[in-house]
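# Residue-level structural notes
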Amino acid sequence: MIYLLIYLALISLISVILTVSDKRRARKHKYRIRESVLLLFSALGGSLAMFITMLLIRHKTNHMKFMLGIPLIIVIQLVAFFVIWGFIHG
């Protein structure tokens, strides 16, 4: 369980760094981080951290792909967690 928490903390930190970095790059009109990379890190477990960061720094909030996609990923991850938890502890 501790390894899962460490993994989620690291992937969340990376997701926040990527989101903030993409926002900075957008302001400076520099090369951007691909949306597919942002969504990948969200799917790998950084979805909640990325979504909160996006709302706080107002990044990608006008993109339906992110404003619907990341909450959907969060829901899928929660359902998967509770199904696995129930299977293990049920």
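The rules behind these values
Residues numbered from 1 in each chain as written. Predicted model: local features only at pLDDT ≥ 70, side-chain atom pairs only at ≥ 80, totals over all residues. Heavy atoms only, no water. Phe/Tyr/Trp six-rings, centres within 6.5 Å; stacked < 30°, edge-to-face > 60°. Buried < 20%, exposed > 50% of the residue type's maximum accessible area, 1.4 Å probe, protein only. Core = buried A, V, L, I, M, F, W, Y, C linked by side-chain atoms within 4.5 Å. Helix = DSSP H or I, 4+ residues; strand = E, 2+ residues; numbered from the N terminus. Contact = heavy atoms within 4.5 Å. Salt bridge = Lys/Arg side-chain N within 4 Å of Asp/Glu carboxyl O.

### Here's the deal with the packing of aromatic side chains
- As enumerated under the stated definition, the model contains two aromatic pairs in all.
- Here the aromatic rings of F81 and F82 are separated by 5.2 Å at their centres, their planes lie at 75 degrees, and the arrangement is edge-to-face.
- On the accessibility criterion, F81 (37% relative accessible area) is partly exposed.
- In textbook terms, an aromatic cluster arises when at least three aromatic residues are bridged by ring pairs, as seen for F81, F82 and W85.

### A look at the nonpolar core
- Within the largest apolar cluster, 12 residues are counted, these being I11, L18, I33, L38, F41, M50, F51, M54, F66, M67, I70 and I74.
- Secondary-structure elements contributing two or more residues to this core are helix 1 (2-27), helix 2 (35-57) and helix 3 (64-89).
- Among the elements that take part in this core, helix 2 stands out by supplying five residues, more than any other.
- Not counting the four nearest positions on each side in its chain, I11 is found in contact with F41, L44, G45 and G46.

### Regarding the pattern of salt bridges
- In the structure shown here, the tally under the stated rule is four salt bridges.
- For E35, the salt bridge identified is with K65, shortest N-O distance 2.8 Å. Residue E35 is located in helix 2, and its partner K65 is located in helix 3; the two are separated by 30 residues in the primary sequence.
- Residue E35 is classed as partly exposed on the basis of its relative accessible area of 25%.
- Taken together, the shared-partner salt bridges in this structure form one network comprising D22, R32, E35, K60 and K65.

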